[in-house]
Amino acid sequence: MLSYAKPIKTFSPLRQAIAKRKISEIISDLEIEKINENDQKNLFESYQQIPSHSQDPEPYPYSRSCSSGY
């Protein structure tokens with residue numbers, strides 16, 4: 001991995017602070033992206049585990065027994 005510490009140490013204190021903030025933002029953004037990817041993956045996996053109602057012989061058991069009375 002590349003080391004940026006040596007050139008950053010040559011910056012003024014203000015530029016060092018700006019560099020530190022920007023690097024932190026990049027890392028935070030990447031962490032958030034990773035969390036979102038994991039959440040979407042977990043949501044998809046949990047959705048796949050839900051039993052399908054299309055396999056039920058009569059998915060709406062009350063629909064045939066109800067009459068409108070007209």
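Residues numbered from 1 in each chain as written. Predicted model: local features only at pLDDT ≥ 70, side-chain atom pairs only at ≥ 80, totals over all residues. Heavy atoms only, no water.

1. Looking at the overall build of the protein chain
Part 1: The number of helices and strands found in the protein chain is two helices and zero strands.
Part 2: Across the 70 residues of the protein chain, 3% fall into the buried class. (Helix = DSSP H or I, 4+ residues; strand = E, 2+ residues; numbered from the N terminus. Buried < 20%, exposed > 50% of the residue type's maximum accessible area, 1.4 Å probe, protein only.)

2. Observations regarding the pattern of salt bridges
Part 1: Inspection of every chain in the model, using the stated rule, returns one salt bridge.
Part 2: Close ionic contact of E25 with R21 constitutes a salt bridge, the shortest N to O distance being 2.9 Å. Here E25 pairs with R21, and both are found in helix α2 (residues 13–48), just four residues apart, close to one helical turn.
Part 3: Since its relative accessible area comes to 44%, R21 is described here as partly exposed. (Salt bridge = Lys/Arg side-chain N within 4 Å of Asp/Glu carboxyl O.)

Nothing here speaks to function; it is geometry throughout.
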